[in-house]
Amino acid sequence: MNDYSQNITILRSLVEKVSGHKMQTSNDFIYLCGCIQGRLNVTLGVSTLKRIWGYVDGYDSIRQSTLDILAHFVGYSDYNTFENDYCM
């Protein structure tokens, strides 16, 4: 597993901790969308979150803006700050 993959795994774990839900069912991803919307007033698609968690097959890359939103959700200003402060 490369650093990028490890960092995404760490970020997913933190998102689950902050949301209070393990992402295991479709309803968990719907719940997470609501949490993100409520906290940040930003919408991420359920299918995007499912793809990031590997719940469904999808693209190998994740948009920077999506990573920024998830990092912000767990308390960082953006994904790069998350990587520098938490993952190094």
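Residues numbered from 1 in each chain as written. Predicted model: local features only at pLDDT ≥ 70, side-chain atom pairs only at ≥ 80, totals over all residues. Heavy atoms only, no water.

**Structural notes on the packing of aromatic side chains**
- Tallied over the entire structure, the rule returns 6 aromatic pairs.
- The interplanar angle of 75° and the centroid separation of 6.1 Å between the aromatic rings of F29 and W53 together place this pair among those described as edge-to-face. Residue F29 is found in helix α2 (residues 26–40), and its partner W53 is found in the loop between α3 (46–52) and α4 (64–73); the two are separated by 24 residues along the sequence.
- Owing to a relative accessible area of 0%, F29 belongs among the buried residues under this scheme.
- The class for W53 is buried, based on a relative accessible area of 14%. (Phe/Tyr/Trp six-rings, centres within 6.5 Å; stacked < 30°, edge-to-face > 60°. Helix = DSSP H or I, 4+ residues; strand = E, 2+ residues; numbered from the N terminus. Buried < 20%, exposed > 50% of the residue type's maximum accessible area, 1.4 Å probe, protein only.)

**A closer look at the packing of helix α1 (residues 3–19) against helix α5 (residues 79–87)**
- Viewed as axis vectors pointing N to C, α1 and α5 meet at an angle of 95°, and their least axial separation amounts to 11 Å. Taken together, the axes of α1 and α5 lie roughly perpendicular to each other. Residue-level inspection shows Y4, N7, I8, I10, L11 and L14 of α1 in contact with α5, the latter providing Y79, F82, E83, Y86 and C87.
- A per-class count over the contact of α1 with α5 returns 9 nonpolar, 1 polar and 1 charged. (Axes fitted to C-alpha atoms, helices over the stretch in contact; angles between N-to-C directions. Parallel < 35°, antiparallel > 145°, perpendicular 65-115°, else oblique. Contact = heavy atoms within 4.5 Å. Nonpolar A, V, L, I, M, F, W, Y, C, P; charged D, E, K, R; others polar.)

**Thoughts on the confidence of the model for the protein chain**
- Averaged over every residue, the pLDDT of the protein chain is 93; residues scoring 70 or more account for 98%.
- Per-element averaging of pLDDT across the protein chain places α5 at the bottom with 91 and α4 at the top with 97. (pLDDT = per-residue confidence, 0-100.)

**Details of the packing of α2 against α4**
- Relative orientation of the contacting elements α2 and α4 amounts to 75°, with a least axis distance of 10 Å. Considering the angle they form, α2 stands roughly perpendicular to α4. The segment α2 lies against α4, with L32, C35, I36, R39 and L40 engaging I69, L70, H72 and F73.
- Class assignment for the residues of the contact of α2 with α4 results in 7 nonpolar, 1 polar and 1 charged.

**Describing α2**
- With 15 residues, α2 extends 21 Å from end C-alpha to end C-alpha; this agrees with the ideal 21 Å at 1.5 Å per step.
- Where α2 is concerned, the buried positions are D28, F29, L32, C33, C35, I36 and L40. For α2, the angular spread of buried residues about the axis comes to 160°, placing them on one side. Away from the buried face of α2 by more than 90 degrees, exposed residues N27 and G38 are located.
- Residues of α2 that are buried in the fold lie against α1, α3 and α4. (Expected span 1.5 Å × (residues − 1). Arc of directions from axis to C-beta.)

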